[in-house]
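Descriptive structure summary
The primary structure of each chain is shown beneath.
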Amino acid sequence: DTEVTQTPKHLVMGMTNKKSLKCEQHMGHRAMYWYKQKAKKPPELMFVYSYEKLSINESVPSRFSPECPNSSLLNLHLHALQPEDSALYLCASSQGLDRFYGYTFGSGTRLTVV
Amino acid sequence: SQQGEEDPQALSIQEGENATMNCSYKTSINNLQWYRQNSGRGLVHLILIRSNEREKHSGRLRVTLDTSKKSSSLLITASRAADTASYFCATSPNDAGTPLVFGKGTRLSVIA
């Protein structure tokens, strides 16, 4: 299995809702990442997990809460989002935080906040 | 923060022509990577070139790296309509544990 699977593919949520994005990989990768991407912009790093521990938080607002329950799974919990949080949310994984590896990306979750 | 700057921002060519995209960066790197993104989809890793390499090939892709100029180029030969996508360079800094830093990307349109 050489894929990163993200669910759901599309999500529409109200500003008072709580929802979660899910990311799964079975490649034995020990580093996992959340990115946010606006239209016609590059991906922006949000969080990095290494060996299931949060390694980097790029000053992301607390309405985004990451979780790594095990080495294959990464969640992003969403609460009280704003319309400007609407974006494509991408999950990625790599063999490790070692800089020699490329990343494998999922297809993303298209989030719309209404 | 983004380090790579791609040039041009957008490129439109006819099928069969070659497409060249450039990337410049600011700090020292361990390697530089190129990714493709089809509209609204995830990024796909294309090629990785290490700082001690000058040129690398993969199928119709040719990547060059000039560390003295802190620049890289991606050449796609004999382009196809299916090559229409955004292309991003990403630099891997020398500092261990530092994630990739993505450039702003080049939007390539290949017209059949």
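Section: the sheet that holds strand β8 (residues 73-79) of chain A
Residue and element names in this part refer to chain A. Pairing in this open sheet of four strands is antiparallel, and the strands run β1-β3-β8-β7 from one edge to the other. Edge positions in the sheet fall to β1 (4-7) and β7 (64-70), since each has one partner strand and no second. Strand-to-strand twist of the sheet, defined as the mean angle between neighbouring strand axes without regard to direction, takes the value 20°.

A closer look at the packing of aromatic side chains
Evaluation of the coordinates by the stated rule reveals nine aromatic pairs over all chains. For the ring pair Y35 of chain A and F105 of chain A, a centre distance of 5.7 Å and an interplane angle of 45° mean the geometry is tilted. Of this pair, Y35 of chain A sits in strand β4 (residues 31-37) while F105 of chain A sits in strand β10 (residues 104-105), and the two are 70 residues apart along the sequence. When its relative accessible area of 8% is taken as the criterion, F105 of chain A is described as buried. Plain terms: the ring middles of F64 of chain A and Y89 of chain A are 5.8 Å apart, the flat faces sit at 35° to each other, and that makes the pair tilted. In this pair, F64 of chain A sits in strand β7 while Y89 of chain A sits in strand β9 (residues 87-94), placing the two residues 25 residues apart along the sequence. By the burial criterion, F64 of chain A is buried, and Y89 of chain A matches it. Members of the aromatic cluster, connected to one another through ring pairs, are Y33, Y35, Y103 and F105 of chain A together with Y35 and F102 of chain B.

Some details on the sheet that holds strand β8 (residues 71-76) of chain B
Residue and element names in this part refer to chain B. Taken in spatial order, the five strands line up as β1-β3-β8-β7-β6 in an open sheet, and their pairing is antiparallel. For this open sheet the edge positions go to β1 (5-7) and β6 (55-58), each flanked by a neighbour on one side alone. Strand-to-strand twist in this sheet, taken as the mean axis angle between neighbours without regard to direction, amounts to 15°. Pairing between β1 and strand β3 (residues 19-24): three bridges, direction antiparallel. Bridge pairing in β3 links E5 to S24.

Definitions and cut-offs
- Residues numbered from 1 in each chain as written.
- Chains lettered and ligands numbered in written order.
- Predicted model: local features only at pLDDT ≥ 70, side-chain atom pairs only at ≥ 80, totals over all residues.
- Heavy atoms only, no water.
- Pairing = 2+ DSSP bridges.
- Helix = DSSP H or I, 4+ residues; strand = E, 2+ residues; numbered from the N terminus.
- Axes fitted to C-alpha atoms, helices over the stretch in contact; angles between N-to-C directions.
- Phe/Tyr/Trp six-rings, centres within 6.5 Å; stacked < 30°, edge-to-face > 60°.
- Buried < 20%, exposed > 50% of the residue type's maximum accessible area, 1.4 Å probe, protein only.

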